[in-house]
Protein chains: 2
Amino acid sequence: MSANGFKEVSENLSHKVQQNPYGPNPADFLSNVGNFQLIESTLREGEQFANAFFSTETKIEIAKALDDFGVDYIELTSPVASEQSRLDCEAICKLGLKAKILTHIRCHMDDARVAVETGVDGVDVVIGTSQFLRQYSHGKDMNYIAQSAIEVIEFVKSKGIEIRFSSEDSFRSDLVDLLNIYRTVDKIGVNRVGIADTVGCANPRQVYELVRTLKSVVNCDIECHFHNDTGCAIANAYTALEGGAKLIDVSVLGIGERNGITPLGGLMARMIAADRDYVLSKYKVHKIRDLENLVAEAVQVNIPFNNPITGFCAFTHKAGIHAKAILANPSTYEILSPSDFGLTRYIHFANRLTGWNAIKSRVDQLNLHLTDAQCKEVTEKIKKLGDVRQLNIDDVDSIIKDFHSDLSTPLVKPTSNGLPKVPHVLEGLEESDEKRTKTE
Amino acid sequence: MSANGFKEVSENLSHKVQQNPYGPNPADFLSNVGNFQLIESTLREGEQFANAFFSTETKIEIAKALDDFGVDYIELTSPVASEQSRLDCEAICKLGLKAKILTHIRCHMDDARVAVETGVDGVDVVIGTSQFLRQYSHGKDMNYIAQSAIEVIEFVKSKGIEIRFSSEDSFRSDLVDLLNIYRTVDKIGVNRVGIADTVGCANPRQVYELVRTLKSVVNCDIECHFHNDTGCAIANAYTALEGGAKLIDVSVLGIGERNGITPLGGLMARMIAADRDYVLSKYKVHKIRDLENLVAEAVQVNIPFNNPITGFCAFTHKAGIHAKAILANPSTYEILSPSDFGLTRYIHFANRLTGWNAIKSRVDQLNLHLTDAQCKEVTEKIKKLGDVRQLNIDDVDSIIKDFHSDLSTPLVKPTSNGLPKVPHVLEGLEESDEKRTKTE
């Protein structure tokens, strides 16, 4: 953690994993950054999103899409929430998906008895452990919590299915109480213990500390659940994995209580930057867009304009200095490759911040011929109009073509075989006009 | 950093700052979590957002609103980007705002000469230091970079205005090169050095390490700039402050190149959770919503449904177990108080996940009288209809009123003065019907 420590790490990194300085930190010997699993909770946490009402058909469609994507677990609303919730849980268990099916219940035998009859592969038990929740929610003390937990856990285990025990509002719970109960449930053989930032306010280094501490107390896997009220849900998930957590709760677009939890797509962006091979070997990330569209339609929201990966401009480069470098090598300003997600890059050249390199590439695309000096000259004309009003591609093309005509050169220079020359420099721009039209 | 270290910290926290376990970590003795400043870049980074075209009038309106909000600095597009950019820069400098006005230029004397004539309070200089940018952007080596930097810095300083030197793509730059150049520019007296995660892929602990290391090398302030491609821009900003950075670059809604940078609103959410007194003493956070609406309209985007603070459901509570506790004490499931932002909480009770406590509060609001047992009974009826289709408030109210009529009690029980009894338990629900109508 010292400056020297950092230097050493940095030097190791530059020798050993020069390709990816964003990969797992070699100092994190318990890290699961390259070995994590996803508990997908769109059909549980996501159902707690204000706009969510999922019919049985929609639930099944989402469950199948998540399974196809490759999530490790699918978590469903408690079967005691309502009669149809129970029936839907049974129906999804019967689909025969590759993903394991979980349901989420209160730490209570009444709930557990119903849950184990639905056919799920595992039960996620949760109970509030913070003073807030102990006082204002269930009103129980830690002894009572431990007794209920033991009873529920042993019952679920006796049915031969997986069991997770999670505290709720873990970061406002007493640390000693937390470690005590986690050790207790670990000893009686839970598959996972869960840490939950229920109010969405943990910060990354706090998460790392708690996970590392817990890792020294239990042998089972650690699962983490982060709300996004203060915008840290993706970063907290990443830092939890660095500290040794193995499973992260996500939902499509992060939908859940309030403004939701760690979003599946955003976490994929983060994890691909850290360990692209692992992510691509497990998850069909090129289906992120379809999955997000499916859920967005079901809950009647728009994909946020600034969404990681699928926001309309996530791979749009605008300033002249950025465009120039991207044209030379996309890695200069991209840590993610749009093609991994079935998307394309776009160079936004129709604006006053544009530069002559971007305009030159457009000139090439139009199959015109201008010298560098001429490209600089026409760029100044474009910037001048861009100062007056918002430009579109037609504006720029008109200026370029007029400029070119004035030079009295032929509009399309035929190649030796008589066909127009195919532009070869800028693949990204080839599909961009279409995309541009859609997004403006 | 050990488990024991964490325990000690945790115990200290519980004695000293029991009110706020999310506050600054006492182990971070260089932390500026409670002493940070904002460099607001909607009019620079934000102008690089795909949809942005700001007229002079819009720029002035945004600048005034940012100044009123209380940002410390306002950063403007380079005056060499276009002639109107230069004129707009001059116009904003003449407004006499409290915030200091900066402009952002390449590390080049041609740019610097123009910048210092605009009337700005300071100049932010940036140059790419990563191998990627050195190879594919400007093509210069570190010696050349250092020489240019010295020339530009001394020139700007000679004009008596502030100067910041930032590397670009800092996290993919050679650490030794970086520290060398930062030390050089610090010695000749820059006001700030900047770290920029230009490709948006740094992770929080990496940020902390780099800031801490840099802090041991320079005496000047450290500014940080984080892109959000992998969803960590808010968390990275927070961690940078923990490590000793003092200034964070933000833009309204995070607009900028690609999917943008640390959003002003999201960072306010994060910082209020850590040090509410400091944030409220400096910034008019109740104006966040107006500010976001102003910019969203100017760039023609919608506020993301899941935006921190201002997302339509950021303070909506739905699951029965959440609603029950929120009714008893909002701190159970809220780390942020909606009233700080001029907003109200909403309890979403018209759905199958509802619980009898939420329904009971609605019964009270309707000024009806039901026993707890009756509330539980009517809740079952509501959940049953909620299983069949999406409910609205009218559905729930009808079920409650029908149930109540069947009990043959009067619909509204008059109080002693003859007026209907005013509900007093649930302030949040009073304005909620309106909000509900708007958002569905």
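None of the values given here were measured: they were computed from a predicted structure.

**Some words on the pattern of salt bridges**
Using the criterion set out here, one finds 58 salt bridges over all chains in the structure. A salt bridge links Glu47(B) to Arg352(A), with the shortest nitrogen-to-oxygen separation between them at 2.9 Å. Here the residue Glu47(B) occupies a position in the loop between strand 1 (37–40) and helix 2 (56–69), and Arg352(A) occupies one in the loop between strand 10 (346–347) and helix 13 (356–365), the pair thus bridging two chains. In this pair, the class of Glu47(B) matches that of Arg352(A), namely buried. For Glu162(B), the salt bridge goes to Lys100(B), with nearest N and O atoms at 2.7 Å. Of this pair, Glu162(B) sits in strand 5 (residues 162–168) while Lys100(B) sits in strand 3 (residues 100–106), and the two are 62 residues apart along the sequence. What makes Glu162(B) buried here is its relative accessible area of 14%. Among the charged side chains, a salt-bridge network with shared partners connects Lys100(A), Asp124(A), Glu162(A), Arg164(A), Arg192(A) and Glu223(A).

**Quick notes on the relation of the copies chain A and chain B**
Expressed as a screw operation, the relation of chain A to chain B combines 0.0 Å of axial shift with a rotation of 180°, fitting to an RMSD of 0.0 Å. One copy is carried onto the other by what is essentially a two-fold rotation axis. The rotation axis passes nearest to the C-alpha of Pro304(A) in chain A, at a distance of 2.3 Å. Most of the interface of chain A is mirrored in chain B, where 100% of its interface residues are also at the interface.

**A look at the interface of chain A and chain B**
Listed by partner, the interface residues are 108 residues for chain A and 108 residues for chain B. For the pairing of chain A and chain B, the buried interface totals around 9,500 Å² over both sides, and the portion due to carbon and sulfur atoms is 58%. Taken together, the links from chain A to chain B amount to six salt bridges. The partner of Arg205(B) in a salt bridge is Glu242(A), with the nearest N and O atoms 3.0 Å apart. Here chain A is connected to chain B by 50 residue pairs in polar contact (both at pLDDT 80 or more). Tallying contributions element by element places helix 8 (residues 204–215) of chain A first for the side of chain A that touches chain B, with seven residues.

About the thresholds
- Residues numbered from 1 in each chain as written.
- Chains lettered and ligands numbered in written order.
- Predicted model: local features only at pLDDT ≥ 70, side-chain atom pairs only at ≥ 80, totals over all residues.
- Heavy atoms only, no water.
- Salt bridge = Lys/Arg side-chain N within 4 Å of Asp/Glu carboxyl O.
- Helix = DSSP H or I, 4+ residues; strand = E, 2+ residues; numbered from the N terminus.
- Buried < 20%, exposed > 50% of the residue type's maximum accessible area, 1.4 Å probe, protein only.
- Least-squares fit on C-alpha atoms with pLDDT ≥ 70 in both.
- Contact = heavy atoms within 4.5 Å.
- Buried area = accessible area lost by both parts, 1.4 Å probe.
- Polar contact = N/O pair within 3.5 Å; in protein donor to acceptor, adjacent residues only side chain to side chain.

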